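Okay, here's what each chain looks like letter by letter:
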Amino acid sequence: MEFIQQNIFVVAVAVISGTMLLALSVRRPAGAGAVSPAQATLLINRENAQLIDIREPNEYIAGHLCDSRNIPAASLAQRVGELEPFKDKPVILVCQSGARSSAACSTLSKLGFVQVHTLEGGVAAWSEAGLPLKKGTRR
């Protein structure tokens with residue numbers, strides 16, 4: 001008790017940081033999480049995961065994962081109807097580095113999608129792993 005009284009600031013910081021970590025882990029939607037390029041390949045091949053590239057059209061045309069569908073992050077909520085058939089199937093969201101797709105993951109989870117994932121490291125990690133990218137037209 002004496003230790004706590006003498007170090008109240010340190011104890012308060014420890015309690016607050018622990019509470020914040022716990023809140024972040026509880027808030028993460030079920031079924032959501034980052035998948036590596038290798039794990040994404042398994043989901044695509046074994047469970048027919050749908051790839052959604054949330055980058056802008058010009059980024060998508062410069063190079064995207066084969067069979068991915070381009071729905072920019074800004075219009076994801078408005079175009080969710082296009083994804084209704086995949087509500088109970090694995091969906092992998094892709095952006096350039098993985099940062100934008102994390103936010104989009106929570107958007108789809110709130111809209112009722114059960115298995116939403118983000119590609120860890122995005123297109124950059126996919127390319128770095130030596131996996132193919134397709135250039136050109138939008139889908």
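Up top you'll find the structure we're talking about.
Please read these numbers as outputs of a predicted model, since none were measured by experiment.

**A few points about the overall build of the chain**
(1) Moving on: Per the secondary structure count, the chain includes 6 helices and 5 strands.
(2) Moving on: N-terminal to C-terminal, the α/β element order of the chain is α-α-β-α-β-α-β-β-α-β-α.
(3) Moving on: With the C-alpha coordinates aligned to their principal axes, the bounding extent of the chain is approximately 70 × 30 × 30 Å.
(4) Moving on: For the chain, the proportion of contacts with a sequence separation of at least 24, taken over those separated by at least 6, is 66%.
(5) Moving on: Working note: accessible area of the chain is about 8,200 Å², and carbon and sulfur atoms make up 60% of it.
(6) Moving on: Counting 14 positive and 11 negative side-chain charges, the chain places the averaged centre of each group 6 Å from the other.

**Some words on a nonpolar patch on the surface**
(1) Moving on: Taken together, the side chains of Met-1, Phe-3, Ile-4, Ile-8, Phe-9, Val-10 and Val-13 present a nonpolar region at the surface, about 800 Å² in accessible area.
(2) Moving on: Per-element tally for the nonpolar patch: the top contributor is helix 2 (residues 8-27), with 4 residues.
(3) Moving on: With respect to the element layout, Phe-3 can be found in helix 1 (residues 2-6).

**Looking at the sheet that holds strand 3 (residues 69-70)**
(1) Moving on: Spatially, 1-5-4-2-3 is the arrangement adopted by the 5 strands of the open sheet, whose pairing is parallel. Taken across any chain shown, the strands that pair with only one partner, and hence form the sheet edges, are strand 1 (33-35) and strand 3.
(2) Moving on: Relative to strand 5 (residues 115-119), strand 4 (residues 90-94) runs parallel, the two being bridged by 4 bridges. Opposite Val-91, over in strand 5, you have Val-116 as the bridge partner.
(3) Moving on: Relative to the sheet, helix 5 (residues 99-110) contacts strand 4 and strand 5, its axis offset from that of strand 5 by approximately 175 degrees.

Basis of the calculations
- Residues numbered from 1 in each chain as written.
- Predicted model: local features only at pLDDT ≥ 70, side-chain atom pairs only at ≥ 80, totals over all residues.
- Heavy atoms only, no water.
- Helix = DSSP H or I, 4+ residues; strand = E, 2+ residues; numbered from the N terminus.
- Contact = heavy atoms within 4.5 Å.
- Areas by Shrake-Rupley, 256 points an atom, 1.4 Å probe, with all protein chains shown as cover.
- Lys, Arg positive; Asp, Glu negative; His and termini not counted.
- Charge placed at Lys NZ, Arg CZ, Asp CG, Glu CD.
- Patch = residues over 30% accessible without salt bridge, like charges linked within 9 Å, V, L, I, M, F, W, Y side chains within 5 Å.
- Salt bridge = Lys/Arg side-chain N within 4 Å of Asp/Glu carboxyl O.
- Pairing = 2+ DSSP bridges.
- Axes fitted to C-alpha atoms, helices over the stretch in contact; angles between N-to-C directions.

Note that all results are geometric; they support no functional claim without further evidence.
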